[in-house]
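Residues per chain, in single letters:
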Amino acid sequence: MSKEKIALFTIFGGTGDLAQRKLYPSLFKLYQKGYLQDHFAVIGTARRPWTDEHYHQVVADALASLHADADQVTAFASHFYYQSHDVTDVQHYITLKRLSEKLDAQYELQGNRIFYLAMAPNFFGTIARHLKSEHILTENGFNRVIIEKPFGHDFESAKTLNDELAETFDENQIYRIDHYLGKEMIQNIAAIRFGNNIWESLWNNRYISNVQITLSEKLGVEERAVYYDNSGALRDMVQNHIMQILSLLTMDQPVEFTEDDINIEKVKALRSLRPYQPEEVAKNFVRGQYAPTETVKGYRQEDKISPASNTDTFVAGKVMIDNYRWSGVPFYIRTGKRLADKFTRIDIVFKRPVINIFNHELPDNQAADNGLAPNVLTINVEPTEGFELRMNAKNVGQGFATTPVQLNFDHDATAAANSPEAYERLLHDILNGDATNFTHWQEVAYSWKFIDVIQQYWDDHQPSFPNYKPGTMGPQAAADLLAQDGHRWVYQG
Ligand code: NAD
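Conventions used here
- Residues numbered from 1 in each chain as written.
- Predicted model: local features only at pLDDT ≥ 70, side-chain atom pairs only at ≥ 80, totals over all residues.
- Heavy atoms only, no water.
- UniProt positions renumbered as here; feature names shortened; annotations may be inferred.
- Helix = DSSP H or I, 4+ residues; strand = E, 2+ residues; numbered from the N terminus.
- Contact = heavy atoms within 4.5 Å.
- Polar contact = N/O pair within 3.5 Å; in protein donor to acceptor, adjacent residues only side chain to side chain.
- Patch = residues over 30% accessible without salt bridge, like charges linked within 9 Å, V, L, I, M, F, W, Y side chains within 5 Å.
- Areas by Shrake-Rupley, 256 points an atom, 1.4 Å probe, with all protein chains shown as cover.
- Salt bridge = Lys/Arg side-chain N within 4 Å of Asp/Glu carboxyl O.
- Buried < 20%, exposed > 50% of the residue type's maximum accessible area, 1.4 Å probe, protein only.
- Phe/Tyr/Trp six-rings, centres within 6.5 Å; stacked < 30°, edge-to-face > 60°.
- Lys NZ or Arg CZ within 6 Å of the ring centre and 35° of its normal.
- Domains from an automatic or database assignment.

Named according to an unreviewed UniProt entry, the protein chain is Glucose-6-phosphate 1-dehydrogenase originating from Lactiplantibacillus dongliensis. Comment text from UniProt for the protein chain, heading Pathway (unreviewed entry), reads "Carbohydrate degradation; pentose phosphate pathway; D-ribulose 5-phosphate from D-glucose 6-phosphate (oxidative stage): step 1/3." Under the UniProt heading Catalytic activity (unreviewed entry), the note attached to the protein chain is "D-glucose 6-phosphate + NADP(+) = 6-phospho-D-glucono-1,5-lactone + NADPH + H(+)".

(A) Local environment of the UniProt feature "active site" (unreviewed entry) in the protein chain. Mapped onto this structure's residue numbering, the UniProt feature "active site" (unreviewed entry) falls at His241. Counting through the fold element by element, His241 comes out in helix α10 (residues 233-250). Ignoring any residue separated from it by four or fewer positions in sequence, one finds His241 in contact with Lys149, Asp178, His179, Tyr180, Leu215 and Asp236. Within the structure, the side chain of His241 is placed 3.0 Å from the side chain of Lys149, a separation counted as a polar contact.

(B) Representation of a nonpolar patch on the surface. On the surface, Val354, Ile355, Ile357, Phe358 and Phe400 cluster together into a nonpolar patch covering about 590 Å² of accessible area. Among the structural elements, Ile357 can be located in the loop between β11 (343-350) and β12 (376-382).

(C) Local environment of the pattern of salt bridges. The tally for this structure, following the rule as stated, stands at 21 salt bridges. Put simply, Glu184 and Arg425 hold a salt bridge, and the shortest N to O gap is 2.9 Å. With a gap of 241 residues between them, Glu184 in helix α7 (residues 184-194) and Arg425 in helix α14 (residues 422-431) connect regions that are remote in the sequence. A relative accessible area of 23% places Glu184 in the partly exposed class. The exposure class of Arg425 is buried, given its relative accessible area of 13%. Across the pair Lys318 and Asp485 runs a salt bridge, and its minimum N-O distance is 3.0 Å. In this pair, Lys318 is assigned in strand β9 (residues 314-319) and Asp485 in the segment after α16 (476-483), connecting sequence segments 167 residues apart. Overall, Asp485 belongs to the partly exposed group, its relative accessible area being 27%. A network of salt bridges, in which partner residues are shared, links Arg193, Glu200, Asp252 and Arg325.

(D) Highlighting the packing of aromatic side chains. Across all of its chains, the model carries 30 aromatic pairs by this definition. Ring plane angle 80° and centroid distance 5.1 Å describe the contact between Trp326 and Phe331, whose orientation is recorded as edge-to-face. There is no split in this pair, since Trp326 and Phe331 are both buried. An aromatic cluster is built from Tyr24, Phe28, Tyr31, Phe40, Trp50, Tyr55, Phe76, Phe80 and Tyr82, whose rings are joined through pairwise contacts. In this arrangement the basic side chain of Lys3 is found over the ring face of Tyr35, its NZ or CZ atom lying 4.9 Å from the centre. In this structure, Arg144 packs its charged tip against the face of Phe142, placed 3.5 Å from the ring centre.

(E) Region of interest: the domain arrangement of the protein chain. When the domains of the protein chain are assigned, the result is domain 1 (7-148) and domain 2 (181-421 + 440-483). Taking only C-alpha atoms, the centre of domain 1 and the centre of domain 2 are 36 Å apart.

Below, the structure written as structure tokens:
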């Protein structure tokens, strides 16, 4: 059976950064692997007055780092068509409809349409409305719309956006991208949990002491300053990526490994988040902003950032899940810019053996209160992809003392290099009509409701910024957050 997928892609924002850095290379990889062959076409739309020839060059340039065969690049780029227009102008959609129908006939696309909204979210409602009113959606094939983050800036705005989209698209036609869900090791969470009796048997409050999720960035705010300054780390990283990872770590076993069953379990997990009252926020959530050093600009000194900005570039928090499995287990989360290194990892910290019969001293940095370090299962998401398991073992040689040892498994370099990039994987899922690795509306809604209380409290109370040095793992308060419960971050920087 041919693996070829058949569709017309319409990319709104076809001249933008996302389209050039992520979408064109990912579509090309799908082309190289034969998922896209003869029966696909791409319409790029944006305001700039480009010709098709210029657009082909832009697409080819976007593939330069792949060092692909020139003829193959030319053949791929020939499927791309550019249409210049303003998405707020109804005329745009009339020409778009004509071009879509022409390409549908030319490439035999069977009415299959994928609309990628690679533009600012304030245009999403307008685009969706016009796609419907100008009859660009087809009756004979599938219609799917892809939405980028941010999906709203709080629950109310997310709901408004969702209501606008729902006037044109059913929930099962909407693919909300969270690119973390396209990452190999995030997808692997389900395999680790439900494919291994030892882990699923221990995956609860009887054996797990605490869980730590860290999404750490080394760089500062870079080009996205204007967007970021209106968002901050809590909205930019926690509401979406961290909440999604949390739901995958904490959900119960789905009846079947299908989109609907997984969604049911993720929603149940997010519904069980313990909501904070405003007066509880300061004790359970820490915010930070990076300071200047002699060599690195502080956040307030970055281009396009106000010198008085109170935007959070760091957040750490304690999240509790009030259900039978997780009651009493803190989930510590943290993310930020200008931290010690760039990586994403999840540390599952198990409870210690109840009695230490060996009675020896561990080095201070193991901080084990009964002298035995806890077992820790670490899921390394990026840049290393693999697992680590920390165990206590006997010290080699005379006498009897235990010492923590590490079991490591990393994906081998070839497998990791051939592993599809998140966007490629997600585009492939969309072509297959599989929304398992996308965020569903109920998940967005429960995440925002949890986040809104924290953001509101922060908006109502001035922080004392800046409060952490670049190259560290954030402010001291992030360490204190765990210390107040007798815990410490496994990764110290
Ligand atoms: P960008 O500013 O580089 O591109 C925006 C595109 O929209 C351009 O093609 C521009 O011409 C077009 N555009 C703007 N106004 C228009 C109008 N009125 N009519 C027609 N076209 C118009 O933005 P980007 O970085 O590519 O981001 C696109 C979306 O993806 C945003 O929602 C962003 O939040 C999201 N996103 C981007 C990234 C990334 O890595 N760039 C990552 C995550 C999410």
